[in-house]
Amino acid sequence: MGHYVGSLANRIELQNKYQQYVMVADLQALTDNIDNPQKVHDNVVQVGLDYLACGIDPNKTTFFIQSLIPQIAELTILYLNLVTVSRLKRNPTVKNEIQQKGYKEDLTAGFLMYPIHQVADITVVKANLVPVGDDQLPMIEQAHEIVRNFNRIYQTNALVEPQALISKTSRLVGTDGKAKMSKSMGNAIYLSDSADAVAKKVMSMYTDPLHVKVSDPGRVEGNAVFTYLDVFDPNKEEVQSLKDHYSKGGLGDVVLKRRLIDILNNFLEPIRIKRSQLAKDPAYVMDVLKSGSEVVRQVAEKTMSDVRHAVKLNY
Ligand code: AMP
């Protein structure tokens, strides 16, 4: 759901106005699943199912799989020369992830340089707009630096500087009320979760630890249930009066959580139905991803022809 509010919701709109590309990042997924290629392989279809079920339409959007575009790897190699190791280590999102994953001397070069790989993902199709959550802003900044350096050093305009499109909810907190919702933190609600799974997750959601009795005044700020109501509850006036009531005391967490469960399940139900229909035909999902990849390979080859020309690798 974090991915939905941070990026997918914008993509559903953008596909009506722009030529849109959406990538499934299997190579990047391998950087922290080195020993588990089967998981990465199986999840390609799962991610495709999520996107299609949310309403990203293959007739309007070109889907592709990262590893099917070898030009991305070629661009990555060229970009590696334009970024220092110390610059990569200063990237706040990467720094945070290194800490979360507990990497020390075992930090791989592949993981450290994944932001460079992302710059190649973006620039290979000469994208100008990238809809992302705010954790991705350092990656877009990295893209600006690489594109500017490349175009300046090789005296070309082969590469396009992308802009970030940040959504209204640029960071949805996890159900634990901490940091961003993310699969690896175990604090995520999945688009594929059953109604029961959603209910269980919401019932254990972080609220205000000092709000012990119903009559106690409760804190709204930092209370994950209110954060989610702010994002998903269409009735903003009612949410405001619930906040007032909660702050004064006399409103229990369970009432709020039941409301949130209904709202989330209403939101997820059509996605769930569409997802389970599509899941009966994984070959169709693969076909969407592979046929889009063929289109992107041609676009990527055009970009590479400009790039190879600029770096004099055009033999
Ligand atoms: P990820 O699934 O972490 O690779 O992120 C995919 C996209 O969704 C990126 O644009 C992220 O910024 C965005 N995203 C992921 N989790 C969240 C979140 N909890 N809140 C807002 N945006 C998010």
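All of these numbers come straight from a predicted model, not from anything done at the bench.

(A) Representation of the overall build of the chain in the model. Across its full length, the chain holds 14 helices and 4 strands. The C-alpha atoms of the chain give 22 Å as radius of gyration, which agrees with the globular expectation for 315 residues (20 Å, within 12%). Each principal axis of the C-alpha distribution contributes one length, and for the chain these read about 75 × 45 × 40 Å. The buried share among the 315 residues of the chain stands at 48%. The contacts of the chain with a sequence gap of at least 6 include a subset with a gap of at least 24, amounting to 72%. In the structure as shown, the chain presents an accessible area of about 16,300 Å², 53% of it carried by carbon and sulfur atoms. A gap of 2 Å separates the mean positions of the 37 positive and 36 negative side-chain charges of the chain.

(B) Summary view of unusual backbone geometry. One non-glycine residue, Lys-126, adopts positive backbone phi at about 55 degrees. Tracing the backbone shows Lys-126 in the loop between helix 8 (114-123) and strand 3 (129-132). Backbone geometry at Gln-155 places phi at a positive 45 degrees, although glycine is not the residue there. Its location among the elements puts Gln-155 in the loop between helix 9 (137-153) and strand 4 (163-166).

(C) Quick look at the layout of surface pockets. Of the voids in this model, the second largest pocket is the one considered here, and its volume is about 330 Å³. What lines the second largest pocket is simply Tyr-4, Val-5, Ala-9, Asn-10, Glu-13, Ser-167, Lys-168, Thr-169, Asp-230, Val-231, Phe-232 and Phe-267. Elements supplying a minimum of two residues to the lining of the second largest pocket: helix 1 (2-14) and helix 11 (224-232). Looking at the lining of the second largest pocket, the element that brings in the most residues is helix 1, giving 5 residues. Broken down by class, the residue content of the lining of the second largest pocket amounts to 6 nonpolar, 3 polar and 3 charged. Each of domain 1 (2-173 + 281-310) and domain 2 (183-277) gives at least three residues to the lining of the second largest pocket.

(D) Looking closely at the site of the ligand. Surveying the vicinity of the ligand reveals 13 residues, the closest of which are His-3, Gly-133, Asp-135, Leu-172 and Met-181. Note that a nitrogen atom of the ligand is positioned 3.3 Å from one of the backbone N or O atoms of Gly-2. Residue Met-181 places a main-chain N or O atom 3.1 Å away from a nitrogen atom belonging to the ligand. Bound to the protein, the ligand loses 75% of the 480 Å² it would expose on its own. Of the residues belonging to the shell around the ligand, the class tally is 3 nonpolar, 7 polar and 3 charged.

(E) Looking closely at the environment of Gln-66. Of note, Gln-66 is situated in the loop between strand 2 (61-65) and helix 4 (70-80). Under the relative-accessibility criterion, Gln-66 is labelled buried at 1%. Note: C-alpha distance between Gln-66 and Ala-25 (41 residues apart in sequence) is 5.2 Å. For Gln-66, the contacting residues outside a window of four places in its chain are Met-23, Val-24, Ala-25, Asp-26, Leu-27, Gln-28, Ile-72, His-117 and Asp-121. At 3.0 Å, the side chain of Gln-66 and the backbone nitrogen of Gln-28 are in polar contact.

(F) Region of interest: the pairing of strand 2. Strand 2 sits mainly inside the fold: 5 of its 5 residues count as buried. Judged by which residues are buried, strand 2 turns out to be covered on both faces: Thr-61, Phe-63 and Ile-65 on one side and Thr-62 and Phe-64 on the other are all buried. Where strand 1 (residues 20-24) lies against strand 2, 5 bridges are found, and the strand directions are parallel. Residue Met-23 lies in a different strand from strand 2, and its bridge partner there is Phe-64.

(G) The arrangement of the environment of Asp-287 in detail. Its location among the elements puts Asp-287 in helix 14 (residues 282-310). Taking the relative accessible area as the measure of exposure, Asp-287 reaches 47% and is therefore partly exposed. Here the alpha-carbon distance between Asp-287 and Glu-269, two residues 18 residues apart in the chain, equals 25 Å.

(H) Representation of the side chain of Thr-61 in the model. As for its position among the elements, Thr-61 is in strand 2. On the basis of relative accessible area, Thr-61 is assigned to the buried category, the value being 3%. Only 2.9 Å separates the side chain of Thr-61 from the side chain of Gln-15, close enough to count as a polar contact. A polar contact of 3.0 Å, which involves the side chain of Thr-61, links it to the side chain of Gln-20. Beyond its immediate stretch of four places on either side in the chain, Thr-61 contacts Gln-15, Gln-20, Val-22 and Ile-56.

(I) Up close: the packing of helix 12 (residues 236-248) against helix 13 (residues 253-279). Between helix 12 and helix 13, the shortest axis-to-axis distance is 11 Å and the interhelical angle comes to 160 degrees. By the criterion of interaxial angle, the relationship of helix 12 to helix 13 is roughly antiparallel. Considering the relative orientation of helix 12 and helix 13, their crossing is left-handed. Residue-level contacts link Glu-238, Leu-242 and Tyr-246 of helix 12 to Asp-253, Leu-256 and Arg-259 of helix 13.

Rules and cut-offs
- Residues numbered from 1 in each chain as written.
- Predicted model: local features only at pLDDT ≥ 70, side-chain atom pairs only at ≥ 80, totals over all residues.
- Heavy atoms only, no water.
- Helix = DSSP H or I, 4+ residues; strand = E, 2+ residues; numbered from the N terminus.
- Rg over C-alpha atoms; globule rule 2.2 N^0.38 Å.
- Buried < 20%, exposed > 50% of the residue type's maximum accessible area, 1.4 Å probe, protein only.
- Contact = heavy atoms within 4.5 Å.
- Areas by Shrake-Rupley, 256 points an atom, 1.4 Å probe, with all protein chains shown as cover.
- Lys, Arg positive; Asp, Glu negative; His and termini not counted.
- Charge placed at Lys NZ, Arg CZ, Asp CG, Glu CD.
- 1 Å grid on protein atoms, 1.4 Å probe; cavity = no way out; pocket = protein on both sides within 12 Å on 5 of 7 lines; lining within 4 Å.
- Points joined across faces, edges and corners; volume = space filled by probe spheres on them.
- Nonpolar A, V, L, I, M, F, W, Y, C, P; charged D, E, K, R; others polar.
- Domains from an automatic or database assignment.
- Near = heavy atom within 4 Å.
- Polar contact = N/O pair within 3.5 Å; in protein donor to acceptor, adjacent residues only side chain to side chain.
- Pairing = 2+ DSSP bridges.
- Axes fitted to C-alpha atoms, helices over the stretch in contact; angles between N-to-C directions.
- Parallel < 35°, antiparallel > 145°, perpendicular 65-115°, else oblique.
- Left-handed = near helix turned anticlockwise from the far one by under 90°.

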